[in-house]
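What follows is the residue order along each chain.
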Amino acid sequence: MLEVNAAREIVLRHARRLPAETIPLTPAVLGQVLAEGVAADLDSPPFDKSMMDGYAVRAADDGERRVVGEVAAGGSVVVTVGPGEAVRIFTGAPIPPGADAVVKQEDVTADGGVVRTAHSIKPGQNIFRRGQEMKSGDVVVPAGTVLSPVALGVLAAVGRTEVAVFPRPAVGVIVTGNELVEAGTRPTGGQIRNTNGPMLAAQAARAGAVPRYLGIARDDETAMRELIREGLESSNVLLLSGGVSVGKYDLVPGVLKSLGVETHFHSVRMKPGKPLLFGTKGNTLVFGLPGNPVSGYVGFELFVRPSLDAMLGREVLLRELKLPLSEPLAANHDRPTYHPAVVARDSVRPLPWSGSADLRGLLAANGFIVLPPGAVKLAAGDAVSVVLTNG
Ligand code: AMP
Ligand code: MG
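Calculation criteria
- Per chain, residue numbering runs from 1 following the sequence as it is written.
- To read the labels, note that chains go from A and ligands from 1, taken in the order they are written.
- Local features in this predicted model are restricted to residues whose pLDDT is 70 or higher, and side-chain atom pairs enter the listing and the counts only when it is 80 or higher, whereas totals over whole chains, interfaces and linings include all residues.
- As a rule here, side-chain values come from all non-hydrogen atoms in the structure, and water together with hydrogens is ignored.
- Domain start and end points were adopted from an automatic or database domain assignment.
- Paired strands are those between which DSSP finds at least two bridges.
- Where helices and strands are cited, they refer to DSSP runs of H or I of at least four residues and of E of at least two residues respectively, numbered from the N terminus.
- Angles shown run from 0 to 180 degrees and are taken between the N-to-C directions of axes, each axis being a line fitted to C-alpha atoms and, for helices, limited to the stretch in contact.
- The labels follow the angle: roughly parallel below 35 degrees, roughly antiparallel above 145, roughly perpendicular from 65 to 115, and oblique for the rest.
- In this scheme, a crossing is called left-handed if the near helix is turned counterclockwise away from the far one by less than a right angle; it is called right-handed if the turn is clockwise.
- Between two residues, a contact is recorded if the distance between any of their heavy atoms is within 4.5 Å.
- Residue polarity follows a fixed list, in which Ala, Val, Leu, Ile, Met, Phe, Trp, Tyr, Cys and Pro are nonpolar, Asp, Glu, Lys and Arg are charged, and the others, Gly among them, are polar.
- To be near a molecule or strand, a residue needs just one of its heavy atoms within 4 Å of it.
- The definition of a polar contact used here is a pair of N or O atoms within 3.5 Å, where within protein one atom must be able to donate a hydrogen and the other to accept one, and adjacent residues in sequence count solely through side-chain atom pairs.
- All accessible areas in this document rest on Shrake-Rupley with a 1.4 Å probe, and a residue is counted as covered only by the protein chains that are shown.
- The set of buried Ala, Val, Leu, Ile, Met, Phe, Trp, Tyr and Cys residues whose side-chain atoms join them within 4.5 Å is what this entry labels a nonpolar core.
- Buried residues are those whose accessible area, probed at 1.4 Å on protein chains only, stays under 20% of the maximum for their type, while exposed residues exceed 50% and partly exposed ones sit between those limits.

Here we look at the domain arrangement of the chain
Right, on to step 1. By domain assignment, the chain separates into domain 1 (4-16 + 168-311), domain 2 (21-43 + 133-165), domain 3 (49-128) and domain 4 (320-388).
Right, on to step 2. Its C-alpha centre places domain 1 at a distance of 68 Å from the equivalent point of domain 3.

Take a look at the structure:
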């Protein structure tokens, strides 16, 4: 049976960066990846500017200086500073010609239009030189930059209102099962509420994609085929929940086949979530996730999330680390097992958990301990493999 890492490699071979598109620069672009290098369209600062409130002077002069004018931020320079002269200046204002330093106002005594300073003055002090931050033509934000608040500020500084980025993948979500009702309905008889639809859509959103919930497909081939056809047409990634195993009502694999989806694998050596199907149709990736909520959650984090990173043009991070256990843990599973856990800075704590249907047991989890197959008896302090899932 396929191991998790090998299965993920297969997924990543099919996950291609989406074609770039140009979008407005709003906070909605945070985390998207720049598809073009962006150059400065002017020098910054565009003029030598004062970093202090004070007086623009000639550093080489000594003694008293006569104040011959004033310039504030946003103002333009009207006077030249000659020998023995100073111009009153404020932070952000352009340095007047002739001056080569700014003395801050705390360092002078002003008296009837004359200023004196006891400090020595260095040429260039308190002046931010034209082009010191960036020069016109410099590529200041390279292609591949993950857009951050700082990047948005710098892009604004160079006059950009829109940029080319790799778009957010459209992720369609379809849940399957005759037993399902939506959250607004009280289940009766053998019904249960649909937890996977909201959960998977939220996982897609957290991973930087745009989820589209397409509804419940009943365990009926014709109905299922129509909804899945719609999902295939409108999604870069289509997530199907349930119906993917080998039971009589597990219709997803057959329906996918009838719609021309090529299946690349249909089971992975892991617990929970062994019956996990991955297929493609054209450039669309299709994941058939098991219906048990925890299986779906883990399957998304291990396989779907890295594929979304790749489509977004991000580095594919696996968020794996090793940490000591905070308490003993014993287990005996036939496959590598993902056990919900609270991952802290210096240790990891396993949570009480009753298996793949126990989603509530994951509420406090921000990751999973990866347990090897077979009997394991771990003591507090033993190092274990951990996968982070939050953030
Ligand atoms: P399946 O993979 O379709 O055999 O479903 C496995 C288990 O998960 C069954 O107990 C289902 O009732 C349950 N299940 C399937 N889909 C969902 C869903 N969307 N929300 C909550 N539980 C589900
Ligand atoms: Mg089912």
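Points about the sheet that holds strand β27 (residues 383-388)
Sheets are built from strands that pair by backbone hydrogen bonding, the pairs being arranged parallel or antiparallel.
Right, on to step 1. One open sheet accounts for five strands, arranged β21-β27-β25-β23-β24; its pairing is antiparallel. One side of each edge strand has no neighbouring strand; the edge strands of this open sheet are β21 (320-324) and β24 (348-350). Within this sheet the neighbouring strands show an average axis-to-axis angle of 45 degrees, counted without direction.
Right, on to step 2. Taken together, the three bridges between strand β23 (residues 337-343) and β24 define a ladder with antiparallel strand orientation. Its bridge partner lying in β24, Val-343 is registered against Val-348.

Some thoughts on the pairing of strand β8 (residues 108-111)
Right, on to step 1. Alignment of β8 against strand β9 (residues 114-117), held across four bridges, turns out to be antiparallel. Its bridge partner being in β9, Asp-111 is matched across the sheet by Val-114.
Right, on to step 2. Counting the residues that bridge the hairpin from β8 to β9 gives two residues, and of these Gly-112 lies at a positive phi of roughly 55 degrees.

Structural notes on the packing of helix α3 (residues 196-206) against helix α6 (residues 293-311)
Right, on to step 1. The contact between α3 and α6 brings their axes to 10 Å, and the two run at 20 degrees. By the angle class used here, α3 and α6 are roughly parallel. The two elements α3 and α6 meet at a crossing, and its hand is right-handed. Residues Asn-196, Met-199, Leu-200, Gln-203, Ala-204 and Arg-206 of α3 form the contact with α6, whose own contacting residues are Pro-293, Gly-296, Tyr-297, Phe-300, Glu-301 and Arg-305.
Right, on to step 2. Looking at the contact of α3 with α6 residue by residue, the classes come out as six nonpolar, three polar and three charged.

Overview of the site of ligand 1
Right, on to step 1. Around ligand 1 lies a shell of 16 residues, among which Glu-179, Asn-194, Thr-195, Gly-243 and Gly-291 are the nearest.
Right, on to step 2. A distance of 3.1 Å separates a nitrogen atom of ligand 1 from a polar backbone atom of Thr-195.
Right, on to step 3. In the model, an oxygen atom of ligand 1 is placed 3.1 Å from a nitrogen or oxygen of the Asn-292 main chain.
Right, on to step 4. Considering ligand 1 on its own, with 480 Å² of exposed area, one finds that the protein chains cover 76% of that surface.
Right, on to step 5. Every element with two or more residues in the shell around ligand 1 is listed here: β13 (170-176) and β15 (192-193).

What about the nonpolar core?
Right, on to step 1. Ranked by internal contacts, the top residues of the largest apolar core, which has 39 residues, are Val-237, Leu-239, Phe-287, Phe-303 and Leu-308.
Right, on to step 2. Among the elements of the structure, α1 (4-14), β13, α3, β17 (237-241), β20 (284-289) and α6 are those that each provide at least two residues to this core.
Right, on to step 3. It is α6 that provides the largest number of residues to this core, a total of 10 residues.
Right, on to step 4. Those residues in contact with Phe-303, other than ones at most four positions away along the chain, are Val-4, Ala-7, Arg-8, Val-11, Val-268, Met-270, Leu-276 and Phe-287.

Observations regarding unusual backbone geometry
Right, on to step 1. A cis amide bond links Ser-44 with the next residue in sequence, Pro-45, at an omega value of -5 degrees.
Right, on to step 2. Structurally, Pro-45 is set in the loop between β2 (38-39) and β3 (49-50).
Right, on to step 3. For the bond running from Lys-271 to Pro-272, omega is -5 degrees, close enough to zero to count as cis.
Right, on to step 4. Positioned with a positive phi, Asn-126 is a non-glycine residue whose angle comes to about 65 degrees.
Right, on to step 5. Following the sequence through the fold, Asn-126 ends up in the loop between β9 and β10 (127-128).
Right, on to step 6. Residue classification places Asn-126 among the partly exposed positions, given a relative accessible area of 24%.
Right, on to step 7. Positive phi values are uncommon outside glycine, yet Arg-319 reaches one of about 55 degrees.

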